[in-house]
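Chain residues, written in single-letter form:
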Amino acid sequence: MALSSVPGMSDLQLRMSKKVAQLTKVIYHLNSKNEDHDLDMQDLAEQYEAELELVLKDTTEKVNFFKLKLEEASDEKRVREVARALEVKYEEEKRKCLNELDALRKRAADR
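Parameters and conventions
Residues numbered from 1 in each chain as written. Predicted model: local features only at pLDDT ≥ 70, side-chain atom pairs only at ≥ 80, totals over all residues. Heavy atoms only, no water. Helix = DSSP H or I, 4+ residues; strand = E, 2+ residues; numbered from the N terminus. Buried < 20%, exposed > 50% of the residue type's maximum accessible area, 1.4 Å probe, protein only. Salt bridge = Lys/Arg side-chain N within 4 Å of Asp/Glu carboxyl O.

Visitor: Teacher, can you tell me more about the environment of Glu 81 here?
Guide: Residue placement: Glu 81 occurs in helix H1 (residues 11-110). Taking the relative accessible area as the measure of exposure, Glu 81 reaches 48% and is therefore partly exposed. Distance from Glu 81 to Val 55, taken between C-alpha atoms, is 39 Å for residues 26 residues apart in sequence.

Visitor: Mind showing me how you'd approach the pattern of salt bridges here?
Guide: Think of it this way: side chains of opposite charge can pair up when their charged atoms draw near. Under the counting rule described, the total for this entry stands at 5 salt bridges. Put simply, Asp 11 and Arg 15 hold a salt bridge, and the shortest N to O gap is 3.6 Å. Residue Asp 11 and its partner Arg 15 are located together in helix H1, separated by 4 residues, close to a single helical turn. What makes Asp 11 partly exposed here is its relative accessible area of 49%.

See the structure below:
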């Protein structure tokens, strides 16, 4: 039954009823749009959080990799220092032994 066919309804009441119906549709549309927007925002937030977790995981892996490389470099440096110290010690002992050998040869030659 159409609103215009209701007996005793004034023109003002008819227009008010139409406006109420229009506003109800607008409110329903805005509410639906707001709910859709909230869902989209929630999905976007979840995507950002997942991406952030991936970035943090990747960063942690890189930090651990470089930390390991730094430890290896420190170990190599320490090995080089020890090797250099051993070379110096070897050269000193070699020189000392050669001096002793020369002294023994001179004594042997003197006899």
